[in-house]
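Observations on the model geometry
The lines below spell out each chain.
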Amino acid sequence: MDLTTFGSGAQYIAGRLTEGTGTEPFQVVNPADGSVVQEVRLAATADVDSAVAAAKAALPEWSGVTPGARSEALLRLAGILADHAEEFARVETAQTGKPIKLSTEFDVPGTVDNTSFFAGAARNLEGKAAGEWSGDHTSYVRREAIGVVGSISPWNYPLQMAAWKILPAIAAGNTIVLKPAELTPLTSLMFARACTEAGIPDGVVNVVTGAGRSAGEHLVSHPDVAMVSFTGSTPVGKRVAELATATVKRTHLELGGKAPFVVFDDADLDAAVHGAVAASLINSGQDCTAATRAYVQRPLYEAFVAGVAELYAAIRLGDPMNPQTDLGPLVSYTHRDRVAGFVERARGYGATIVTGGQAPAKGHDGTDLSLGAYYRPTLITGVAQDSEVVQGEIFGPVLVALPFDSDDEGLRLANDTPYGLAASAWTRDIHRSLRATREIAAGCVWVNDHIPIISEMPHGGYKSSGYGKDMSQYSLDEYTQVKHVMFDTTAVARKDWHRTIFGDR
Ligand code: NAD
């Protein structure tokens, strides 16, 4: 089966790849050199309507099959994804610019593992035990699918984000219309085709590739969409929540991040330096959990800055298809310029750019990088806590390092942004680590590491990073609704409680 030939079809509706009816042609561009990966036609609102109609039509059958049947389909899907791992990695790298070693060793195997996980999770919906809680009734709960889910995903991990949205939704018996970011729709379309190949009925998984303002807003507002699950930036998340509220839809929002990386003075410095470089540069820093603010206790501060700067300078930028390349371009030229803008403004308000702060000319492999959306790993110091580079989500290979003195101060600074998605604490002291994990307000706190995720554990935000959980059994709570069913067990016509409404005992 060929998953990678698209023609100009970028809509996957009712099990078929079709052209969007939007009039403007749209190019999916490889940000490493500006070449066109695929020209497509975007969805108009009529395509969103068709996709929602397909999802609605598929709902009764899919929500009615046994969890075991859904599980088997997901297991077949995991096998198909694994068989096509190389194509998924190649297309993911072409449309995003991420290094092939990241696509190959993280994005694709993570997606396969997630698919196997949800095959198991589909059979494990939990709830309170049935029982005679009132004495006069038997009560139990049913955990039911919500209906047609409208999902919107970002461009940073297109395949994984599609999987994180689609898998729990369909494992729980919902059907779905996913709108991927228009910059990077290709692996979401491949994933949907693989679903069909796995025997998942037509209409259960639909993908519409369109612009946020038109197709996205239409999907979120659609009366036949029962739930909206969104991953993207906080400002767009607020807009999505606003639109969804108008039709009382359940919302699940995975939004921006600005993760702190707190290094206490007893930390293993070498581990912290290597950890900070990996955690800040993963996916060129276009990762909602990436380390962005390193707070380092004064005794280790200078050595930490010197260590990170040295490793940053040795990072191999180059052609993302080269397996030795550490860092590819950012996702687009516009986004590269946005990242550079943060750094230029920081220079303007007196920041020290320890290393980086510019686009590179040549790659480690001799590639001419001037054609791509590249940006050097950039380390910034000497800025105030309330400055834009400390508070704003840059979403690029940029780390700010600041010193702190007391543990109280370090933890206070870690919590001092509107975001709360992820954080890490670096220490060998059990009491410090316990305190940090308790006091840092974030959906995930790592100790002596930063970035690893696993299918069994939840991912989601606190504060302006949103609410709801992706991955893990917790995500099935998001995509199911709980119904209380209550049976009278007395067979008494005139029930005692009626006297509270009429008559006496
Ligand atoms: P974005 O908010 O610009 O776009 C996300 C998606 O929303 C895209 O599909 C886009 O087309 C769509 N969209 C845009 N405007 C819309 C509107 N008015 N109505 C409906 N949909 C609309 O985000 P991005 O730039 O694609 O991705 C980067 C952001 O995603 C960062 O803020 C990052 O932190 C966040 N993110 C969060 C998580 C998480 O799990 N919390 C994971 C990955 C990315």
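Residues numbered from 1 in each chain as written. Predicted model: local features only at pLDDT ≥ 70, side-chain atom pairs only at ≥ 80, totals over all residues. Heavy atoms only, no water.

From N to C terminus, the protein chain includes 15 helices and 21 strands. Taking 23 Å as the expected radius of gyration for a compact globule of 505 residues, we find that the protein chain reaches 25 Å, a close match to that expectation. Principal-axis analysis of the C-alpha atoms places the extent of the protein chain at approximately 80 × 60 × 40 Å. Out of the 505 residues belonging to the protein chain, those deemed buried represent 57%. For the protein chain, restricting intrachain contacts to residue pairs at least 6 apart in sequence, the fraction spanning at least 24 positions comes to 76%. Summed over its atoms, the accessible surface of the protein chain is roughly 20200 Å², and 54% of this surface lies on carbon and sulfur atoms. (Helix = DSSP H or I, 4+ residues; strand = E, 2+ residues; numbered from the N terminus. Rg over C-alpha atoms; globule rule 2.2 N^0.38 Å. Buried < 20%, exposed > 50% of the residue type's maximum accessible area, 1.4 Å probe, protein only. Contact = heavy atoms within 4.5 Å. Areas by Shrake-Rupley, 256 points an atom, 1.4 Å probe, with all protein chains shown as cover.)

What follows covers the packing of helix α3 (residues 85-96) against helix α6 (residues 186-197). The interhelical angle for the contact between α3 and α6, taken along N-to-C directions, is 155°, at an axis separation of 9 Å. When the axis of α3 is compared with that of α6, the two are roughly antiparallel. Of the residues in α6, those in contact with Glu 87, Phe 88, Val 91, Glu 92 and Gln 95 of α3 are Leu 186, Thr 187, Met 190 and Phe 191. A per-class count over the contact of α3 with α6 returns five nonpolar, two polar and two charged. (Axes fitted to C-alpha atoms, helices over the stretch in contact; angles between N-to-C directions. Parallel < 35°, antiparallel > 145°, perpendicular 65-115°, else oblique. Nonpolar A, V, L, I, M, F, W, Y, C, P; charged D, E, K, R; others polar.)

With respect to topology, seven strands assemble into an open sheet ordered β13-β14-β15-β12-β11-β17-β18, the strand pairing being mixed. Looking at which strands have only one partner, the edges of the open sheet turn out to be β13 (352-355) and β18 (444-447). Averaged over all pairs of adjacent strands, the angle between strand axes in this sheet comes to 25°, irrespective of strand direction. Across five bridges, strand β11 (residues 259-263) lies against strand β12 (residues 291-297) in parallel orientation. Counterpart to Val 263 in the pairing with β12 is Val 296. Contacts between helix α9 (residues 269-281) and the sheet are confined to β11, β12, β15 (398-404) and β17 (422-426), with β11 contributing the most and set at about 170° to the helix. (Pairing = 2+ DSSP bridges.)

The next subject is the packing of aromatic side chains. Under the defined criterion, the tally for this structure stands at seven aromatic pairs. Connected via pairs of aromatic rings, a cluster forms that spans Phe 261, Phe 304 and Trp 426. The cationic tip of Lys 128 hangs over the ring face of Trp 133; the distance from NZ or CZ to the ring centre is 4.6 Å. A cation over an aromatic ring shows up here: Arg 345 above the ring of Phe 342, its NZ or CZ 5.2 Å from the ring centre. (Phe/Tyr/Trp six-rings, centres within 6.5 Å; stacked < 30°, edge-to-face > 60°. Lys NZ or Arg CZ within 6 Å of the ring centre and 35° of its normal.)

Between the first and last C-alpha of helix α8 (residues 234-246) there are 19 Å, a value that for 13 residues agrees with the 18 Å anticipated at 1.5 Å per step. Of the residues making up α8, those classed as buried are Thr 234, Gly 237, Val 240, Ala 241, Leu 243 and Ala 244. In this structure, the buried side of α8 is in contact with α7 (212-221), β9 (227-231), β10 (250-254) and β16 (419-420). Once α8 finishes, Val 248 follows within two positions and takes phi at roughly 50°, a positive value. (Expected span 1.5 Å × (residues − 1).)

Attention shifts here to the site of the ligand. Taken together, 29 residues are adjacent to the ligand, and Ser 153, Glu 217, Ser 233, Leu 255 and Glu 393 come closest. Between the ligand and Trp 155, the relevant distance is 2.8 Å, taken from an oxygen atom to a side-chain nitrogen or oxygen of the residue. Within the backbone of Gly 232, a nitrogen or oxygen atom sits 3.5 Å from an oxygen atom of the ligand. Of all the secondary-structure elements, those providing two or more residues to the shell around the ligand are α7, β9 and α8. (Near = heavy atom within 4 Å. Polar contact = N/O pair within 3.5 Å; in protein donor to acceptor, adjacent residues only side chain to side chain.)

Taking the numbering used here, the UniProt-annotated feature "domain: Aldehyde dehydrogenase" (unreviewed entry) corresponds to residues 21-485. Spanning residues 21-485, this segment combines 42% helix with 20% strand, and its end C-alpha atoms are found 45 Å apart. (UniProt positions renumbered as here; feature names shortened; annotations may be inferred.)

This next bit is on the pattern of salt bridges. Going through the model one piece at a time under the given rule, you end up with 24 salt bridges. A salt bridge links Arg 336 to Asp 337; the shortest N-O distance between them is 3.1 Å. Note on Arg 336: relative accessible area 16%, which makes it buried. As a salt-bridge pair, Glu 388 and Arg 345 come within 2.9 Å of each other at their nearest N and O atoms. Here the residue Glu 388 occupies a position in helix α12 (residues 388-391), and Arg 345 occupies one in helix α11 (residues 333-348), the gap between them amounting to 43 residues. Bridged by salt links that share partners, the residues Asp 265, Asp 266, Asp 407 and Arg 432 form one connected network. (Salt bridge = Lys/Arg side-chain N within 4 Å of Asp/Glu carboxyl O.)

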